[in-house]
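Close look at the chain arrangement
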Amino acid sequence: ACVVAVVAASEYLGVLHHDGRPPRAMPVLVLVALACLWMSAPFPRDAITLVLAGLGWMAIEVVLRGLTVDRAAARFLAPWYIGMPLGMLAAVQATGGRAATLLLIGTVVVSDSAQYYTGRMFGRRPLAPAISSKKTIEGAIGGVVLAMLFLVVAGPRVLPAAGAIPLARLGVAIAALGICGDLFESRLKRIAGVKDSAALIPGHGGLLDRIDALLFATPAFYLYLHTT
């Protein structure tokens with residue numbers, strides 16, 4: 001998970017600094033790896049230490065290295081945007097086993113696929129035309145509904161103590177957050193004027209392109225496991 005986080009964070013920094021040579025990336029990548037490692041424990045951990053470390057490095061970049069506050073803040077986002085969710089994904093594996101991990105990933109995949117097909121069939125109104133011309137409100141509704149139904153049906157096999165209503169709410173949250181994650185990364189790429197975050201996977205772009213929805217959806221599933 002930490003290796004994936006570092007690769008995805010490298011792509012994120014590449015998109016962020018599309019307009020020139022990026023400043024030193026190693027401290028940011030170290031923070032990303034530490035955030036992932038810290039959050040991968042099977043029991044919840046206090047993240048205040050990581051916050052302080054990130055704020056300290058952001059201050060150094062602004063005061064001593066001359067970065068603008070917005071650019072330094074965007075770099076500081078990397079451990080929280082990428083490192084912590086992937087650490088939480090590892091914690092889901094440690095807490096709920098392989099089945100829980102696959103249930104989360106499956107819900108995201110079902111939502112993504114449902115958005116595509118219902119959008120193609122029924123899509124009329126754009127969801128976020130300034131960010132993505134292909135996403136529609138109808139497609140988003142289809143993704144949320146199918147993800148909810150999938151989790152209600154498949155969830156009890158993995159989480160036998162969970163009721164239908166909590167699983168339905170979790171399915172809605174995962175699908176909605178996944179859509180937000182997809183739009184968030186699309187917005188980053190649109191600002192940078194690039195189609196993909198990298199060319200790591202032929203025909204599919206970069207690693208960040210493949211996990212953008214999962215990064216936003218994982219914390220909801222993680223919190224559900226640790227609060228129920």
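Above this text you will find the structure in question.
All of the points below concern the structure found in this document. For every chain, the first residue of its written sequence is number 1, and the numbers climb from 1 along that sequence. It should be noted that, the model being predicted, local features are given only for residues of pLDDT at least 70 and side-chain atom pairs only at 80 or more, the latter also being counted only at that level, while totals for whole chains, interfaces and linings use all residues. Note that the side-chain values use all heavy atoms of the structure and ignore hydrogens as well as water.

**With respect to the nonpolar core**
- Counting 50 residues, the largest nonpolar core has Tyr12, Ile82, Leu86, Leu159, Ile174 and Phe221 as the members making the most contacts within it.
- Looking at this core, the elements that each hand over two or more residues are helix H1 (2-16), helix H2 (26-39), helix H3 (48-63), helix H5 (78-122), helix H6 (137-158), helix H7 (164-192) and helix H8 (207-227).
- The helix count covers DSSP runs of H or I at least four residues long, the strand count covers runs of E at least two residues long, and both are numbered beginning at the N terminus. If you tally residues by element for this core, the top one is H5, at 13 residues.
- What makes two residues a contact is simply this: any of their non-hydrogen atoms within 4.5 Å. With near-sequence residues (within four places) excluded, Leu159 lies in contact with Leu103, Leu167, Phe221, Tyr224 and Leu225. Take the buried Ala, Val, Leu, Ile, Met, Phe, Trp, Tyr and Cys residues and link them wherever side-chain atoms come within 4.5 Å; each set so joined is a nonpolar core. Here the term buried applies to any residue with accessible area under 20% of the maximum for its type, exposed to any over 50%, and partly exposed to those in between, with areas from a 1.4 Å probe on protein chains only.

**Focus on the environment of Leu52**
- Mapped onto the fold, Leu52 is located in helix H3.
- We classify Leu52 as exposed; its relative accessible area is 54%.

**Description of H6**
- Working rule for helices: expected span equals 1.5 Å times residues minus one. Spanning 22 residues, H6 covers 31 Å between terminal C-alpha atoms, matching the ideal 32 Å at 1.5 Å per step.
- Taken as a whole, H6 has its buried residues at Glu138, Gly139, Ala140, Gly142, Gly143, Val144, Ala147, Leu151, Ala154 and Gly155.
- Those residues of H6 that are buried are in contact with H5, strand E1 (126-128), strand E2 (132-136) and H7.

**Quick notes on a nonpolar patch on the surface**
- Together, Ile141, Val145, Leu146 and Leu149 give the surface a local cluster of nonpolar side chains, amounting to about 320 Å² of exposed area.
- Considering the arrangement of structural elements, one finds Ile141 in helix H6. Candidate patch residues must exceed 30% relative accessible area and have no salt bridge, after which like charges are joined if within 9 Å and Val, Leu, Ile, Met, Phe, Trp or Tyr side chains if within 5 Å. Every accessible area reported is derived by Shrake-Rupley at a probe size of 1.4 Å, with residue values counting cover from the shown protein chains alone. Every case where a carboxyl oxygen of Asp or Glu lies within 4 Å of a side-chain nitrogen of Lys or Arg is listed as a salt bridge.

**Some words on the pairing of E2**
- Strands are labelled as partners when DSSP assigns at least two bridges between them. By the bridge criterion, 2 bridges tie E1 to E2 in an arrangement that is antiparallel. When the bridges of E2 are listed, Pro126 appears paired with Thr136.
- In this antiparallel pair of consecutive strands, E1 and E2, the connection spans 3 residues.

**Some points on the side chain of Thr118**
- By secondary structure assignment, the location of Thr118 is in helix H5.
- Residue Thr118 is classed as buried on the basis of its relative accessible area of 15%.
- In terms of polar contacts, Thr118 uses its side chain to reach the backbone carbonyl oxygen of Ala114, at 2.4 Å.
- When sequence neighbours within four positions are dropped, the list of residues in contact with Thr118 reads Gly123, Glu138, Gly139, Gly142 and Gly143. What qualifies as a polar contact is a pair of N or O atoms within 3.5 Å, subject to a donor-acceptor requirement within protein and to the restriction that residues adjacent in sequence count only when both atoms come from side chains.

**Quick notes on the packing of H2 against H5**
- Following both chains from N to C, one finds H2 and H5 inclined at 30°, their axes separated by 7 Å at the closest point. By the angle between their directions, the pair H2 and H5 is classed as roughly parallel. Crossing of H2 over H5 shows right-handed handedness. In contact with Val28, Leu31, Val32, Ala35, Cys36 and Met39 of H2, H5 contributes Ala78, Pro79, Gly83, Met84, Leu86, Gly87, Met88 and Ala91.
- Just so you know the grouping, Ala, Val, Leu, Ile, Met, Phe, Trp, Tyr, Cys and Pro go in nonpolar, Asp, Glu, Lys and Arg go in charged, and all remaining residues, Gly too, go in polar. Along the lines of polarity and charge, the residues of the contact of H2 with H5 split into 12 nonpolar, 2 polar and no charged. Under this scheme, a helix contributes an axis fitted over its contacting stretch, all axes are lines through C-alpha atoms, and angles between N-to-C directions fall in the 0 to 180 degree range. An angle below 35 degrees is treated as roughly parallel, one above 145 as roughly antiparallel, one from 65 to 115 as roughly perpendicular, and anything else as oblique. For any pair of crossing helices, the crossing counts as left-handed if the nearer helix is rotated counterclockwise from the farther one by less than a right angle, and right-handed if it is rotated clockwise.

Shape descriptors only; they carry no functional weight alone.
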